[in-house]
Amino acid sequence: MAGIKDYYETLKSIEINGKDIVSAGYVSQVYVEEGKLHVKLTIPQEFMKHAIAIENTVKRVLKERHNIEDINVEIKPRMQITPPKLQTSTSGNIFDPKRIPGIRRVIGVGSGKGGVGKSTVAVNLAVKLAQKGYKVALFDADIYGPSVGTLLGIKGQKIRVTKERKFLPVEAYGIGVISFASLLDEDTPVIWRGTMFHKVYQDLFFNTIWSEDELDYLVIDFPPGTGDAQLSAAQQVIIDGVVVVTTPQKVAIDDVRRAINAFLKMEVPVLGLVENMSYIIDTCGNKLHVFGKGGGDILSREASLPLVARIPLDPEYLEASDEGKPMVIQEVKNENQRLIHEAYERIADFILDRVSP
Ligand SMILES: Nc1ncnc2c1ncn2[C@@H]1O[C@H](COP(=O)(O)OP(=O)(O)OP(=O)(O)O)[C@@H](O)[C@H]1O
Ligand SMILES: [Mg+2]
C-alpha cells in the first residue's frame, strides 16, 4: 500500500508555472483520516483563479497513480508575511505598507459597495473573535460616514490622548475601537477630512496603544468605494487578508468586483466572500429572497473565492444593532437570528483558520 511519501512523490509530477508543487512549497499537508486522503495546498494568491483546475489535477493524478477515489483537496491562498513591494496609488504616490508593532494580524472588511453591511460584519466579526478569547481591536476607516461608534453604542465618546501623545482606544464589548467619529466632530468639513486622511490614518495606526500586551487581531472596516481615500489604510498597513461583503442582488456585483480587484492590485490577499442580507425566513419557515439571489455565488465562481457565509436579514436585530448592540451578543429568538449567529461563528472560524494569530 502506498504511504504519505509516495503521495508526495506523485504530487511532484504536478507543475504550476514550471515549478513542481512540492518543491515550490505549495503542499502544506498530506494525511489519511478515516480512509480519506486529505491534501492541503497553500498557493500564491495569483494562482487562486486556477484553484479548481489545480484541485482536479491533484485528484486525477493521485487517482491514476494510486487508485484512490476518496480524496479531499483544500486550497488556500498563501498569506503575505513579508512586506509587499512598494505600491503606487492611483494618484501616483508610492506607499510602503508596514506592520503595526504589537499587532499580530490585520483583517480588512470591505466591499466597494455602500450599505451592504460592511460595518455590521466588521463589528460582529471583531466581537465574535473577542468572545472566542482573542485580543481584538477595530479600526473604523470610514472618514465620511463612520458608523462603528453607532453600532457599538459608543457614539460621542472621544479617543483619549496620553501625555506622550498616544491614543487610547474606546472600549466596547471587550474590544478597543478607534474611529474617526471619536476624533473629529460631526461638523468637521468633509473636504478638510479628505485632505488629511493619509496623515490621520498613519497617526492613528502607529501612535495608538492598541493593547497592554500584544493584540491578536485588528479588524479594519473599509469605507465604500475603491479610490485612494477608501483604500488608504491598505497603503499604510500590511493587511493579512480581507473579507469582502456583498448582497445577493446582481446589481451589487460590479462594485464588489472592482473592490476585489483593487485589493488584489495592492497585493492584499482576498480571503473570501460574505453574502449579507441573503434571505429572510418568515414565520412559516419559508425562505424569502427579498433582495434577489445569486450575487455571492456568481462572484465566488468568478473570483475562485469561498463564499464563507450567507447572513440572513432580521428586522429586530437591525433595530438593536443600530442602537449599539452587536448581533452576536443578542439573544436568539427566531430562526433568522439563530442563522445569523451561526454565520458569524463560521466567519470567525474561517479567519482563525486562514490567518491564525
Ligand atoms: N443581516 C442584517 N440584518 C438586518 N440588518 C442588517 C443586516 N446587516 C446590516 N444590517 C443593517 O443595514 C444597515 C447598513 O449596514 P452597515 O452600516 O453595516 O453597511 P455598510 O456597508 O457599512 O454601509 P456604508 O457603505 O454606509 O459604510 C444598518 O442599519 C445595519 O444595522
Ligand atoms: Mg460602513
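Engineer: How would you summarise the sheet that holds strand E8 (residues 103–110) if you had to cite specific residues and measurements?
Structural biologist: Spatially, the eight strands line up as an open sheet ordered E12-E13-E9-E14-E8-E15-E16-E19, and their pairing is mixed. Edge positions in the sheet fall to strand E12 (170–172) and strand E19 (307–311), since each of these pairs with one other strand and no more. Neighbour-to-neighbour, the strand axes of this sheet turn through a mean angle of 25°, independent of strand direction. Where E8 meets strand E15 (residues 241–246), four bridges bridge the pair, whose relative direction is parallel. Opposite Gly110, over in E15, you have Val244 as the bridge partner. Across the sheet, helix H7 (residues 253–265) is in contact with E8, E15 and strand E16 (270–276); its angle to E15 comes to roughly 175°. The strands touched by helix H8 (residues 295–303) are E15, E16 and E19; relative to E16, the strand with the most contacts, the crossing angle is about 165°.

Engineer: Describe in detail the site of ligand 1, supporting the description with residues and values.
Structural biologist: Taken together, 22 residues lie near ligand 1, and Gly114, Gly117, Ser119, Thr120 and Leu318 sit nearest. With four residues, helix H9 (residues 315–322) is the single largest residue contributor to the shell around ligand 1. Of the residues assigned to the shell around ligand 1, the class counts are eight nonpolar, 10 polar and four charged.

Engineer: Go over the sheet that holds strand E3 (residues 27–33), please, and point to the residues and values.
Structural biologist: Ordered by their spatial adjacency, three strands build an open sheet running E3-E4-E5, and the pairing between neighbours is mixed. Either end of the sheet is taken by a strand with one partner, and the two such strands are E3 and strand E5 (71–77). Shown here is a sheet whose adjacent strand axes are inclined to one another by a mean of 15°, direction ignored. Judged from the seven bridges that link them, strand E4 (residues 36–43) and E5 form a sheet pairing that is parallel. When the bridges of E5 are listed, Thr42 appears paired with Lys76. The strands touched by helix H1 (residues 4–11) within the sheet are E3 and E4, with E3 carrying the most contacts at an inclination of about 135°. The sheet strands contacting helix H2 (residues 51–66) are E4 and E5, and the helix crosses E5 at an angle near 145°.

Engineer: So what's going on with H8? Which residues, and what values?
Structural biologist: For H8, the set of buried residues is Gly295, Gly296 and Leu299. Along the axis of H8, the buried residues cluster in a sector spanning 95°; they form a single face. Close packing links the buried residues of H8 with E15, H7, E16 and E19. Positioned one or two residues after H8, Ser304 has a phi angle of 50°, which is positive.

Engineer: Explain the nonpolar core to me, using residue names and the numbers behind them.
Structural biologist: Counting 82 residues, the largest nonpolar core has Leu125, Ala126 and Val219 as its most contacted members. Ranked by residues supplied to this core, first place goes to helix H3 (residues 118–131) with eight residues. Not counting chain neighbours up to four residues away, the residues in contact with Val219 comprise Ile107, Val109, Ala122, Leu125, Ala126, Val136 and Leu138. Listed in part, the 14 residues of the second largest apolar core include Tyr7, Leu37, Val39 and Met48.

Cut-offs and rules
- Residues numbered from 1 in each chain as written.
- Chains lettered and ligands numbered in written order.
- Predicted model: local features only at pLDDT ≥ 70, side-chain atom pairs only at ≥ 80, totals over all residues.
- Pairing = 2+ DSSP bridges.
- Helix = DSSP H or I, 4+ residues; strand = E, 2+ residues; numbered from the N terminus.
- Axes fitted to C-alpha atoms, helices over the stretch in contact; angles between N-to-C directions.
- Contact = placed C-beta atoms within 7 Å.
- Near = placed C-beta within 6 Å.
- Nonpolar A, V, L, I, M, F, W, Y, C, P; charged D, E, K, R; others polar.
- Buried ≥ 20, exposed ≤ 12 C-beta atoms within 10 Å, placed from the backbone.
- Arc of directions from axis to C-beta.
- Core = buried A, V, L, I, M, F, W, Y, C linked by C-beta atoms within 7 Å.

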